[in-house]
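Single-letter residue listing:
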Amino acid sequence: MLSLLLPVAVDPNPRRVVLLRLQLIVKASWRRWAAVCAAVTVACGPAPEASVALASLLRDGNRHVVEIGLEGDTGRAASLGIVFGARLGPDSQSVLVLDVSPPLVRVYHGGTLEHAFLKRGGGPGESGIPAALAVSRDSQVLVADVAGRISFFSLRGEHLGSVNDLPFRTLAAAQCGPDWVLYGPSMDAGRRVGWLHLLQVTRTQRGLSGRTRTLFSDSGMPESIPIGKPVGLVADDAGALALRHDLTREPVIVVVSCRPGEPVAARVARRLEGAPPAPSTRVLDRAVAVVTGNAGRASAGVANLRSGLLLADMEFRITGRFEGFTRFTLISPRRTVRVSVPGVYMIRDSRPGLGVLFSSSDPVPHVFVVHEDSLLAALRGPGGRGP
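Residues numbered from 1 in each chain as written. Predicted model: local features only at pLDDT ≥ 70, side-chain atom pairs only at ≥ 80, totals over all residues. Heavy atoms only, no water.

Trainee: Can you help me understand helix H3 (residues 372-380) in this one?
Mentor: Given 3.6 residues per turn, any residue in an α-helix points the same way as the ones three and four places further on. Within the span of H3, buried status applies to Glu372, Leu375, Leu376, Ala378 and Leu379. Here the buried residues of H3 occupy an arc of 160° about the axis, which is enough to place them on one side. Residue Gly381 follows H3 closely and has a positive phi angle near 80°. (Buried < 20%, exposed > 50% of the residue type's maximum accessible area, 1.4 Å probe, protein only. Helix = DSSP H or I, 4+ residues; strand = E, 2+ residues; numbered from the N terminus. Arc of directions from axis to C-beta.)

If you want it as structure tokens, here you go:
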């Protein structure tokens, strides 16, 4: 039996009824996996050489800086259900998790649950289906839901206010100076679709007020968008944010500059590999999902390391039996390293010099932090050089 956490697909327009088009979690034989993976993967090539060192590191909780969900805390609030998002907190031991089951936000320190808050609903301080999580350096927590609402909380769960009725669904968010960067397709951008937006929040006598400005646009709009799929918005040492934008036909890495005293701006920093679909390729919901033959792939996040960008892709092959694994690609100025490990791992967040926050549903839903030095050593392998 195998398990895989899958994103939920919803209509891009927040004013339309939400459509849950994909299964959330699957435990099945490879024959059922073939049908399920066909709805969530994009075309891929042969797998790179497997890394025993990296597989061992990711599975060994004793080598993780923080481990949440496998052991320790007990109780309904402490155990994880379906992880829709996770972020590193203000200090090196804090981790925040966005769960589809209430309480939706769990705050951990050193792997121990400290606070749990946010219930489902439409009232003040409540949330619909959660879609994105972010935390500021001054410990302000942002939670976005699929209805286009942005709510703010303290780490203890005190509701600080909400910005309602944004004209797009927020898929990811991150702090950018005193403001926030939101990722989600805007339906009101004419022929070009706005994907990245700067949110400036002010407090008035009536509560919080938000003003948005589009930072990055392209011409693609998928028929549906995945909720819970990690896309990045992870900061480097200078505070610039890296986003993996692959919901349209030309996948790219977009970098958002958040330097103090300079205007916030976004640019395409790198174009990623992505060939046009072959005749045997079946495209579902435009570029959100593609499968070719007996192989497929879905992006699983990006990390910003001091030595470069680390990309993750979950992949599968069916050759008489199901094989699921994760391909990691480290892109550095010196060279590009590609390795794979068995199992499915998603990159949820990163902090240069500290490490990378992962989530996995094997054997149970859990999140963990791996130190950057340990991760790079495992990527190099025994006797390896660079990156």
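Trainee: Can you help me understand the packing of aromatic side chains in this one?
Mentor: Any aromatic ring pair is given by two values, namely how distant the centres are and how the planes are angled relative to each other. Scanning the model with the defined rule gives six aromatic pairs in all. Between Phe117 and Phe153, the ring centres sit 5.4 Å apart and the planes meet at 45°, which makes this aromatic pair tilted. Residue Phe117 is found in strand S8 (residues 112-117), and its partner Phe153 is found in strand S11 (residues 150-153); the two are separated by 36 residues along the sequence. Neither Phe117 nor Phe153 differs from the other in exposure class; each is buried. With 6.3 Å between their ring centres and 85° between their planes, Tyr345 and Phe368 make a pair best called edge-to-face. Residue Tyr345 is located in the loop between strand S27 (336-342) and strand S28 (346-351), and its partner Phe368 is located in strand S30 (residues 366-371); the two are separated by 23 residues in the primary sequence. Judged on exposure class, the residue Tyr345 and its partner Phe368 are both buried. (Phe/Tyr/Trp six-rings, centres within 6.5 Å; stacked < 30°, edge-to-face > 60°.)

Trainee: Can you help me understand the sheet that holds strand S4 (residues 66-68) in this one?
Mentor: Two orientations exist for strands paired in a sheet by backbone hydrogen bonds: parallel and antiparallel. Pairing in this open sheet of four strands is antiparallel, and the strands run S4-S30-S29-S28 from one edge to the other. Bordering the open sheet on either side are S4 and S28, each of which pairs with just one other strand. Geometrically, the sheet is characterised by an average inter-axis angle of 20° between neighbouring strands, direction not taken into account. Pairing analysis gives five bridges linking S28 to strand S29 (residues 355-360), with the strands arranged antiparallel. Of the residues in S29, the one forming a bridge with Ser350 is Val356. In the packing of H3 onto the sheet, contacts are made with S28, S29 and S30, and the angle to S30 comes to roughly 85°. (Pairing = 2+ DSSP bridges. Axes fitted to C-alpha atoms, helices over the stretch in contact; angles between N-to-C directions. Contact = heavy atoms within 4.5 Å.)

Trainee: Hey, could you run me through the environment of Pro226 in this one?
Mentor: In this fold, Pro226 is placed in strand S17 (residues 225-227). Note on Pro226: relative accessible area 6%, which makes it buried. Between the alpha carbons of Pro226 and Ala131 there is a distance of 9.2 Å; along the sequence they are 95 residues apart.

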